Amino acid sequence: MIIDSPENRPLGDYEGSGEVSCSINATMDFALVKELLTNLVSVCDEYGIDGEKAAEWRKMIADIPEYEINEDGAIKEWMHPDFKDNYQHRHQSHIYALFPGFEINEQDNKRIYDAMKVAVEKRLCIGLKDQSGWSLAHMANIYARLGDGKRAKECLDLLTRFCTGDNFYTYHNDWRNMGVTLKYLHGGHAPFQIDANMGYTAAVYEMLMYSDLDKIKLLPALPEEWKSGKATNLRVRGGLSVSIEWNENEVVATISADYDKNVDIGAPCGYKLASSGVSCYYSQKSHTISKAFARNTT
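Residues numbered from 1 in each chain as written. Predicted model: local features only at pLDDT ≥ 70, side-chain atom pairs only at ≥ 80, totals over all residues. Heavy atoms only, no water.

**So, the pairing of strand β5 (residues 251-257)**
Next up, step 1: Where burial is concerned, the two faces of β5 differ: the one with V251, A253, I255 and A257 is buried and the one with V252, T254 and S256 is not.
Next up, step 2: Here seven bridges tie strand β4 (residues 240-246) to β5, and the two strands are oriented antiparallel to one another. Across the sheet, E245 pairs through a bridge with V252, a residue of β5.
Next up, step 3: Linking two consecutive strands that pair antiparallel, namely β4 and β5, is a turn of four residues. (Buried < 20%, exposed > 50% of the residue type's maximum accessible area, 1.4 Å probe, protein only. Helix = DSSP H or I, 4+ residues; strand = E, 2+ residues; numbered from the N terminus. Pairing = 2+ DSSP bridges.)

**Some points on the environment of I255**
Next up, step 1: Relative to the assigned elements, I255 resides in strand β5.
Next up, step 2: According to the relative accessible area criterion, I255 is buried, its value standing at 1%.
Next up, step 3: For the pair I255 and I244, spaced 11 residues apart in sequence, the C-alpha separation works out to 8.6 Å.

**Quick look at unusual backbone geometry**
Next up, step 1: Residues F99 and P100 are joined by a peptide bond in cis, for which omega reads 10°.
Next up, step 2: For P100, the position within the fold is in the loop between α2 (51-63) and α3 (110-123).
Next up, step 3: Positive phi, close to 70°, is recorded for F168, a residue that is not glycine.
Next up, step 4: Along the chain, F168 falls in the loop between α5 (149-163) and α6 (194-208).
Next up, step 5: Its relative accessible area of 66% is what places F168 among the exposed residues.

**Details of the pairing of β4**
Next up, step 1: Where burial is concerned, most of β4 is hidden: five out of the seven residues are buried.
Next up, step 2: The sheet contact formed by strand β3 (residues 229-236) and β4 spans six bridges and is antiparallel. Among the inter-strand pairings, V236 is bridged to a residue of β4, identified as L240.
Next up, step 3: Hairpin connection between β3 and β4: a loop of three residues separates the two successive antiparallel strands, and G238 in this loop has a positive phi of roughly 100°.

**Focus: the confidence of the model for the protein**
Next up, step 1: Looking at the protein, the pLDDT average stands at 87 and 89% of residues meet or exceed 70.
Next up, step 2: Confidence scores differ between elements of the protein, with strand β9 (residues 288-293) showing the lowest mean pLDDT of 55 and α2 the highest of 97. (pLDDT = per-residue confidence, 0-100.)

**Here's the deal with the nonpolar core**
Next up, step 1: Y67 and M116 are the most contacted members of the largest nonpolar core, which totals 38 residues.
Next up, step 2: The set of elements that each furnish at least two residues to this core consists of α1 (27-47), α2, α3, α4 (133-145), α5 and α6.
Next up, step 3: Non-local contacts of Y67, meaning those with residues more than four positions away in its chain, are made with T27, F30, A31, K34, I75, M79, A97, E103, I104 and I112. (Core = buried A, V, L, I, M, F, W, Y, C linked by side-chain atoms within 4.5 Å. Contact = heavy atoms within 4.5 Å.)

**Focus on the packing of α4 against α5**
Next up, step 1: Running from N to C, α4 and α5 point in directions that differ by 165°, and their axes come no closer than 7 Å. Here α4 lies roughly antiparallel to α5, going by the angle between them. Both α4 and α5 take part in a crossing whose hand is left-handed. Judged by residue contacts, G133, L136, A137, M139, A140, Y143 and A144 of α4 engage R151, A152, C155, L156, L158, L159 and C163 from α5.
Next up, step 2: For the contact of α4 with α5, the residue count by class is 12 nonpolar, one polar and one charged. (Axes fitted to C-alpha atoms, helices over the stretch in contact; angles between N-to-C directions. Parallel < 35°, antiparallel > 145°, perpendicular 65-115°, else oblique. Left-handed = near helix turned anticlockwise from the far one by under 90°. Nonpolar A, V, L, I, M, F, W, Y, C, P; charged D, E, K, R; others polar.)

Listed below in structure tokens is the structure:
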């Protein structure tokens, strides 16, 4: 039995429906356990250690049940028949395997990916009044993972307009008290909340560059308004650095590695590789390449 799904309260045919905040078999907890065990196995394989423990952990991973989908086509927040989804909340903890985790993506897990996308859409029913600074940043990151640059930018725009002060601090609530987010819970001013500051920069990063240990995707969620731009020395997962410059006709990415490594590079949507080399030049039409990168000696 696994407990918790932060703050949200499941619905169902039982006493306390919609009121009890602790619940059984939260999807988030299964995702966290799977991620932890997978990371442990990965380290054992990489360094050739603890083979017996790794075998035990692999068995535990295999025993974790598949994520469940409800009658609306959305990922269930609780993998238990007594608990029904309650969309009236800003938290999206059950999306963890999509973001900030890396388990679910469109290429490898499309069925679950689509169900998570539906779950995100269902959360929009609460509108803006129950959002906060950090939840707008969280939504921007999720939309970036879903490849939706337009909505990611909308979330960041709202965060900037209503939850960011003149000093660039971000706040839990709309500090101008214009009714866009949650009302102040205590005191006369919205509390400072660094979650949204860090979440904002994380979202911009995700919009410009997706990365995990095996692949990179360039400009995965570029808003239409960002027609041209440049970013230098973006550190990405797997020991790589990427500098990228783009306009409406071309994208140029220069990639360097800290050590010898094979990485799949996903071209920006609408582009294809125009020439080879460590400096990758793209022109129109989508394409994905795999290339070995030499150690950076400069």
